[in-house]
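Each chain, letter by letter, is given below.
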Amino acid sequence: MQRISLIGFVILLLSPFSVSWAQAPEWSNGLVWYQIFPERFRNGDLTNEPNKERARGPEGWSLSSWTSDWYARAQWEQQATPNFYDIVRERRYGGDLQGVIDQLDYLQDLGIGGIYFNPVFDAQSMHKYDATYYHHIDRNFGPNPTADLTQFANENPADPSTWAWSSADSLFLQLIQQAHQRGIRVIIDGVFNHTGTEFWAFQHLLEHQEESPYKHWYTVRSFDDPSTSENEFDYEGWWGFKGLPVFKETGGNLSSGAKEHIFAITKRWMDPNGDGDPSDGVDGWRLDVASEVGKPFWNEWHALVRSINPAAFTVAEIWDEKGVGYVGDSLFSSVMNYPFAYASKGFFIDETIDANELSSRLLNLQRSYGRGYEHSLQNLFDSHDTPRIATQIRNSGSPYNPDAYPKEGYQVGAPTKKELQVLSLMAVFQLSWPGAPMIYYGTETGMWGADDPDDRKPMIWSDLQYEAEKNHPYGWERGVDSVGFNADLFEHYSGLVQLRMNSEALRKGELSVIETDNPKVLAYERITQKDTVLVIINHQDSVFWMESKLWNQVSAKYVTVFTSQDQKTDPRDTQHVQNYEVRSNGLVIREKKRGISPYSYVIYRAHR
């Protein structure tokens, strides 16, 4: 394998794969992101719970217990249907903004630099991708849902001059302030391709049909004929889902009315008091199904965003390499880097590619985005749209995004000890490879779950006691799995994040891949003028002995800073001191050879 270096980027910038000379905002480089699904993160306020009507629940509906067995079915669920998946989305657990505020210290202790919120705008569903209002935070995320609902009714949603700040809005602004005080950035989900059927403009369209001024906002196929008994009104729903009516596009742009409304809410959340200082607003946006909205709209929207805050960060949800065409100086700062997840799964989980292909594939991907973006790509393993990474490891060979409920043979239970070892290796890789790693809430605490909705379980907290998980969604046999906060895994993640925060090389250093002659071993350096780090990951069931060939390629004299089950620096352990023995689960030094135990790793830092 030929040694690969990102220093060759200058040449690559002249290639047709380059997108621009622009860069993502400096603060986003190497940042560690944390994705929060608000309804399932923490219930901090017991007085604002959603009710049966808001959840559209069946007879007997009640709030679900945060700590119950996920697959156990309440009486109201059993009475409604025999099928677990027919009713589970009507559950509500009561997660809210106060819960996030209460846990900001937890995120700070973990070392998180930025929060990505799934939608927080007012919406009926638990996922909030079906907005009722863009200009208000969800009524049940704030302290006074009843008062907020009254306020909504007294406003004209089409006229920004009538908008006031609801109790939920005000609490969200407090959350931003408190996050900023801890050095944590905040970005929110913008869903500008579609709304919910309860969205105020769509409701007006439903009632007034062709007489509605909002008829041009949506893709209407036919209006109702009042002279007939049938309702002929029809419209395009997102991917056929009628609960998500799609905005109409002409020439790649939204209608003027819809666009003006989106621009107004963009200003509202980026500079809440309108004083020209965006420090009290969100730091950027994650844009849902970005490739399903035309680039002319995104060009105009980004011009507005950067006029408000030139350092704003925008990230596109695009699942494949098409994301390259959406990143640039007049478009997005970054993408959710799902191709990073695909390649990582191939090496660490499915073992369908070797270390050489993994590094080559990711390097080619980074180069395609051009200089200035390689350290801002949101490198993730999982999200609210995929099985959790622990469950992916448990089900090696299964599709990354099956978009289906568990089938026979699919394991829905807790990961084994060996599978957790694989997860620990993947965490090392994610938090030491170039980019801006993003952790899906609860991964660091040991959460598992199949695809949506099982990937959206309530967060596991150390101060709560959880029922064991022993039920199966189809009633099949399964083992009993205890559910609780995995302190060892949390310490592993927090140690890696802290190491990254304290290392310029890990945050934004150049990358050089080291030849090992072993397809199961990854070795690479991260290099800046002031800092150099060497990472070696042994993804096999035997010891990897580091021979002189490896050490002849490195650029510095190193000292161990992080190993499996051993996070203490040993000042004796330098590249040239090999006449003693150390034994641990991660590192073995014996007879002038260094060995890394099976499914273990070592991180070295330059000894200066």
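So, here's what we can say about the structure. Not measured: the values here are computed from a predicted model.

With respect to the sheet that holds strand β23 (residues 600–606)
Taken together, the five strands give an open sheet; going across it, the order is β15-β16-β17-β23-β19, and neighbouring strands pair in antiparallel fashion. With one partner strand each, in any of the chains shown, β15 (510–513) and β19 (558–563) form the two edges of the open sheet. For this sheet, the mean angle separating the axes of adjacent strands, direction not counted, is 25°. Relative to β23, strand β17 (residues 532–538) is paired through six bridges, and the arrangement is antiparallel. Residue pairing for β23: valine 533 is matched across the bridge by arginine 605.

Some thoughts on the packing of helix α10 (residues 256–270) against helix α11 (residues 295–308)
Two numbers describe how α10 lies on α11: the axes approach to 10 Å, and their chain directions differ by 25°. In terms of axis orientation, α10 runs roughly parallel to α11. In the packing of α10 onto α11, the handedness of the crossing is right-handed. Residues Lys259, Ile262, Phe263, Thr266, Lys267 and Met270 of α10 lie in contact with α11, whose contacting residues are Phe297, Glu300, Trp301, Leu304, Val305 and Ile308. Partitioned by chemical class, the residues of the contact of α10 with α11 number eight nonpolar, one polar and three charged.

With respect to the sheet that holds strand β13 (residues 378–379)
Ordered in space as β13-β12-β11-β10-β3-β2-β1-β14, the eight strands form an open sheet in which the pairing is parallel. Unpaired on one side and paired on the other, β13 and β14 (438–440) mark the two borders of the sheet. Those strands touched by helix α12 (residues 338–349) are β12 (334–337) and β13, and its axis lies near 30° from that of β12.

Overview of the pattern of salt bridges
For the structure on display, the rule yields 34 salt bridges. Salt-bridge contacts for glutamate 300 lead to lysine 259; the nearest nitrogen and oxygen are separated by 3.0 Å. A residue pair is termed long-range when its members are at least 10 positions apart, and glutamate 300 in helix α11 and lysine 259 in helix α10 qualify at 41 residues. Looking at lysine 259, the relative accessible area reads 15%, which means it is buried. Between glutamate 351 and lysine 520 there is a salt bridge; the shortest N-O distance is 2.7 Å. Remark: lysine 520 occurs in the loop between β15 and β16 (521–527) and glutamate 351 occurs in the loop between α12 and α13 (355–369); sequence separation between them is 169 residues. Look at glutamate 351 and you get partly exposed, because its relative accessible area is 40%. Shared partners join several salt bridges into a network, and the residues in it are Arg54, Arg56, Asp122, Lys128, Asp138, Arg139 and Glu198.

Here we look at the side chain of glutamine 366
Among the structural elements, glutamine 366 can be located in helix α13. Accessibility expressed as a relative area gives 3% for glutamine 366, which makes it buried. There is a polar contact of 2.7 Å between the side chain of glutamine 366 and the side chain of tryptophan 433.

Quick look at the side chain of glutamate 39
Along the chain, glutamate 39 turns up in the loop between β1 (33–36) and α2 (52–55). What makes glutamate 39 buried here is its relative accessible area of 3%. There is a polar contact of 2.5 Å between the side chain of glutamate 39 and the side chain of arginine 40. Among residues more than four places away in sequence, those in contact with glutamate 39 are Trp66, Arg92, Tyr93, Gly94, Gly95, Met126 and Phe141.

What about the pairing of β12?
Here strand β11 (residues 313–316) runs beside β12; their pairing, made up of two bridges, is parallel. Pairing of valine 315 across the sheet is with serine 334, part of β12. Two elements, β12 and β13, share two bridges in a ladder whose sense is parallel. Along β13, the bridge assignment pairs asparagine 337 with asparagine 379.

Reading the values: rules and limits
- Residues numbered from 1 in each chain as written.
- Predicted model: local features only at pLDDT ≥ 70, side-chain atom pairs only at ≥ 80, totals over all residues.
- Heavy atoms only, no water.
- Pairing = 2+ DSSP bridges.
- Helix = DSSP H or I, 4+ residues; strand = E, 2+ residues; numbered from the N terminus.
- Axes fitted to C-alpha atoms, helices over the stretch in contact; angles between N-to-C directions.
- Parallel < 35°, antiparallel > 145°, perpendicular 65-115°, else oblique.
- Left-handed = near helix turned anticlockwise from the far one by under 90°.
- Contact = heavy atoms within 4.5 Å.
- Nonpolar A, V, L, I, M, F, W, Y, C, P; charged D, E, K, R; others polar.
- Salt bridge = Lys/Arg side-chain N within 4 Å of Asp/Glu carboxyl O.
- Buried < 20%, exposed > 50% of the residue type's maximum accessible area, 1.4 Å probe, protein only.
- Polar contact = N/O pair within 3.5 Å; in protein donor to acceptor, adjacent residues only side chain to side chain.

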